[in-house]
Amino acid sequence: MMMLPLLLLLLLSSFPSSALAFSVVVAPTRRSPVAAISGRVHPSYSYRNPSYCITSCEDKNNLALRMNGSGNESSAIATTTSSPSIIKEALAGLTVAFSLLSKAIACSSIVGINPILGIWSSVIMGITAPLIGSRAGVISGTAAVVIVPLSALTVAHGVEYMPLCIIISAIMQGLFGACNLAKMADLVSEEVLSGFLNSLGFILLFSQAKVFKAAKAANALAPAVAMATLCFSIVQLLPLITKAVPSSLVGLVVSTGVGMILGLPLATLESTAPAGTFSGGLKSLPKILDQNQLRKMATSPSALKLVMPAAISIMIIALVETLLAAKVVDDMTGKKDDKDYDVPKRSVLAMSFGNLVSAFFGGFGGCGLIPQTVLNLKSGGGGPFSSISYALAMASFVLFFAPLVGKISEAALAGIMITVAYDTVAWSSSLKSIKAVMTKGAAGIRVQRLIDLFALGLSSYICYFNNLAIGIIGGVVAQRGLHSIFNRCSSSEDGVIAS
C-alpha cells in the first residue's frame, strides 16, 4: 500500500498535459558520450602534426541529439533553440527530478550517509546554480563522478571527513574560476576522457559488491540478485517500449514493489538507517554542521593531508563535467551566451558556491550533469527556471514522500547503479581506438594511433588503480608529450631527406 502514491505519480506524469516533458529517454544511453558531448571526433591524423579537430556546430548538434536517440534531429534542434515557456520549463524540471531521484539516493548509499542528504544536495545545487549565473539550461546536482573519490575517503576514514573534503574542493573550484583557468579543460582529449569513463564505470560497478555481501550474510543473496537484475532489465528495456516515464524510476518502483509483495527478506533504506530518518515533513530539512568541529578539522594538518587527494580529484572531475555540460547547451541550442558573459567562469563559480552551501548543510554537492542537461533541453527546458523547478520537485519528494523513499530496497538501488556503471563505460569510443590501430595505413599514422590508444589505456589504469585526477593529468601529459616527440622526430627525418 505504501507504494500506491508513488505509482499514482507515475500515472499522472503520463497525462497529455505533461506528455512533452516525458517524451524523452531518461535512462542513460548506451552509446559513448565522449564524442557527442565533447565535440571531438577521432583525431584527423597528419603525418607531421596530428590535430584534434572540433566538429562544426551543426555536426555537434546532430551528435548530441543522436546520443539520446532523437528520431527527428532537425525538429529537435528547432525545439531547443526556441525560447522555453514557464510551463515547459516547469515540466522539464519535473522530468529531470524524476530521472535524478533514484541516482541521488543511490549515490548517498555509496558514500554512507543519509539518503535524504543526497536529495538535498541536488536541491541546493539546482537552486544556487542559476542564481549565481551558471549557463542557462545546465542541470547541476548529485553526480556519480564526484561520489567515486569521495566514497573512497568515507569508506576508509569515515563520513566525518566528507564536509571538509567538499569545502576544500569548492574553494579550489572557486579559485580556478576566478583565475580564468576553466578553459584548460579543453586539454582533455577524447581518449583520455574515455579512459576516465572506463575506470569510473568499473569503480561504480564493484562498489555495489557490499550490497550483495550483506545480503549473503542475511541468507538473502538470491532474492537480492533477482531484484537487482529485474531493476537493471527494466531500465534497459523499458525505453524500447515507451519513453513516457523515467525507466530508472519505474525499475526502482517495480523491483521494490515485487520484493514487498513476495515478502522477500531484502534490506531497505529505512531498515538500515537511524529511526526517524524517513519521517518526512519539516524534520527532513537539512541542518547546519557543527562549526566548532569543522573548524578543528580544518586547522588539523593531518586531516587536511587526509582529504586533500580526494578534494583535488573531485575538483578536476567536477570541472570537466560541468564545462562539458555547458558545451552541450551551446551545441544543442546552436547559440552562445553574450560575448561579455564568461560562461566557463560563471559556471565554475556557481558550482563552487553550490558545493560550499551543500557542504555546510552536511551534503556532498555535485556538478553539472550531462545526461540531465540533455534531458532538460529535449523536454522543453533551457532557461534558469527549469533548474529551479527541478530543485523544488526534489525538495517535495523529501518533505512529502520521504516514507515512500524509505521503503526502497537496497538491491533495487544496486540495479540502478549497475545500470549507471554499464552506461558510463565508453564502449564505443574505446573500440574505435582499438579498431583504428588495427586499420591499415601509413606508418606515421599508425604510430600516432598507438599513442592515442596508449593514452586511453594509461588513463584507464591510473584512474582505476590510483587516482582519478592523476589519471586524467597523466593521460593528457603522456599523450601530448609522445605526440610532440613523434612530431619532432618526423620533422628531423624529413629535414635529413630534404638535405
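Residues numbered from 1 in each chain as written. Predicted model: local features only at pLDDT ≥ 70, side-chain atom pairs only at ≥ 80, totals over all residues. Heavy atoms only, no water.

Asks: Would you explain the overall build of the protein chain in this entry?
Replies: From N to C terminus, the protein chain includes 21 helices and 2 strands. In the protein chain, buried positions account for 55% of the 499 residues. In the protein chain, 85% of the contacts between residues at least 6 apart in sequence involve partners at least 24 apart. When the accessible surface of the protein chain is split by element, carbon and sulfur atoms take 68% of a total near 20,800 Å². (Helix = DSSP H or I, 4+ residues; strand = E, 2+ residues; numbered from the N terminus. Buried < 20%, exposed > 50% of the residue type's maximum accessible area, 1.4 Å probe, protein only. Contact = heavy atoms within 4.5 Å. Areas by Shrake-Rupley, 256 points an atom, 1.4 Å probe, with all protein chains shown as cover.)

Asks: I'm lost on helix H7 (residues 144-157) in this one. Help?
Replies: For an α-helix, the turn length of 3.6 residues means that residues three or four places apart are oriented alike. Between its first and last C-alpha atoms H7 spans 20 Å; for 14 residues at 1.5 Å apiece the expected length is 20 Å, and the two agree. Along its length, H7 reaches its greatest deviation from straightness, about 30°, at Leu150. Most of H7 sits inside the fold, with 10 of its 14 residues counted as buried. When we look at burial in H7, the residues that qualify are Ala144, Val145, Val146, Ile147, Val148, Pro149, Leu150, Ser151, Leu153 and Thr154. Of the residues one or two after H7, Gly158 is the one with positive phi, at around 105°. (Expected span 1.5 Å × (residues − 1). Bend = angle between axes of the 7 residues up to and from the residue.)

Asks: Is there a simple way to explain the confidence of the model for the protein chain in this structure?
Replies: Low-pLDDT portions of the prediction should not be read for the details of their coordinates. Mean pLDDT over the protein chain works out to 78, with 80% of the residues at or above the 70 mark. Confidence, expressed as mean pLDDT per element, reaches its minimum in the protein chain at helix H2 (residues 33-38) with 37 and its maximum at helix H8 (residues 162-178) with 93. Taken as a whole, residues 1-81 scores under 50 in pLDDT and shows 180 contacts with residues more than four places along the chain or in a different chain. (pLDDT = per-residue confidence, 0-100.)

Asks: For this particular structure, what's the right way to read the packing of helix H5 (residues 86-111) against H7?
Replies: Helices that pack against each other are described as a pair by the angle of their axes relative to one another and the distance between those axes. Two elements in contact, H5 and H7, have axes separated by 8 Å at closest approach and are oriented at 20°. Compared by their axis directions, H5 and H7 come out roughly parallel. The hand of the H5/H7 crossing is right-handed. Two secondary-structure elements touch here, H5 through Cys107, Ile110 and Val111 and H7 through Ala144, Ile147, Leu150, Ser151 and Thr154. (Axes fitted to C-alpha atoms, helices over the stretch in contact; angles between N-to-C directions. Parallel < 35°, antiparallel > 145°, perpendicular 65-115°, else oblique. Left-handed = near helix turned anticlockwise from the far one by under 90°.)

Asks: Help me out: how do you make sense of unusual backbone geometry in this one?
Replies: For residues that are not glycine, phi is negative in most cases, and the peptide bond is trans in most cases. Even without being a glycine, Asn219 presents a positive backbone phi close to 60°. Note that Asn219 resides in the loop between helix H10 (209-217) and helix H11 (221-241). Here Asn219 falls in the exposed class, since its relative accessible area comes to 73%.

Asks: When you look at the packing of aromatic side chains in this model, what are you seeing that I'm missing?
Replies: Counting across every chain of the model gives 7 aromatic pairs. Note on Tyr461 and Phe465: the rings are 4.8 Å apart at their centroids and 40° apart in plane angle, and the pair reads as tilted. Taken together, the positions of Tyr461 and Phe465, both in helix H20 (residues 443-465) and 4 residues apart, correspond to about one turn of that helix. The pair formed by Tyr461 and Phe465 is uniform in burial state, with each residue classed as exposed. With a centroid separation of 4.8 Å and an interplanar angle of 80°, the aromatic rings of Tyr464 and Phe465 are classed as edge-to-face. Look at Tyr464 and you get partly exposed, because its relative accessible area is 31%. Given a relative accessible area of 58%, Phe465 falls into the exposed group. (Phe/Tyr/Trp six-rings, centres within 6.5 Å; stacked < 30°, edge-to-face > 60°.)

Asks: So what exactly am I meant to see when it comes to the packing of H5 against helix H12 (residues 247-261) here?
Replies: Running from N to C, H5 and H12 point in directions that differ by 50°, and their axes come no closer than 8 Å. Taken as axis vectors, H5 and H12 run oblique relative to one another. In this structure, H5 meets H12 at a crossing whose hand is left-handed. Contact with H5, carried on its side by Phe98, Ser99, Leu101, Ser102 and Lys103, involves Ser248, Leu249 and Leu252 of H12 and no other residues of that element.

Asks: Hey, could you run me through the nonpolar core in this one?
Replies: Among soluble globular proteins, nonpolar side chains are generally buried collectively. Formed by 103 residues in total, the largest nonpolar core has its most connected members in Phe196, Leu204 and Met394. Element by element, the count of residues in this core is highest for helix H14 (residues 301-333), at 18 residues. Discounting residues that sit within four places of it in the chain, Met394 has contacts with Ala97, Leu100, Leu101, Ala104, Ile119, Ser122 and Val123. Residues Phe212, Met227, Ala228 and Leu266 belong to the second largest nonpolar core, which totals 9 residues. (Core = buried A, V, L, I, M, F, W, Y, C linked by side-chain atoms within 4.5 Å.)

Asks: Even after reading the chapter, I still don't get the side chain of Gln479, so can you show me in this structure?
Replies: By the secondary structure assignment, Gln479 is in helix H21 (residues 468-498). Side-chain polar atoms of Gln479 contact the side chain of Glu191, separated by 3.2 Å. (Polar contact = N/O pair within 3.5 Å; in protein donor to acceptor, adjacent residues only side chain to side chain.)

Asks: Honestly, the side chain of Asn355 in this entry has me stumped. Any pointers?
Replies: Counting through the fold element by element, Asn355 comes out in helix H15 (residues 343-360). Relative accessible area serves as the criterion here: at 4%, Asn355 is assigned to the buried category. Among all residues touching Asn355, those that are not within four sequence positions of it are Met125, Ile166, Ala170, Gln173, Phe364, Gly365 and Gly366.

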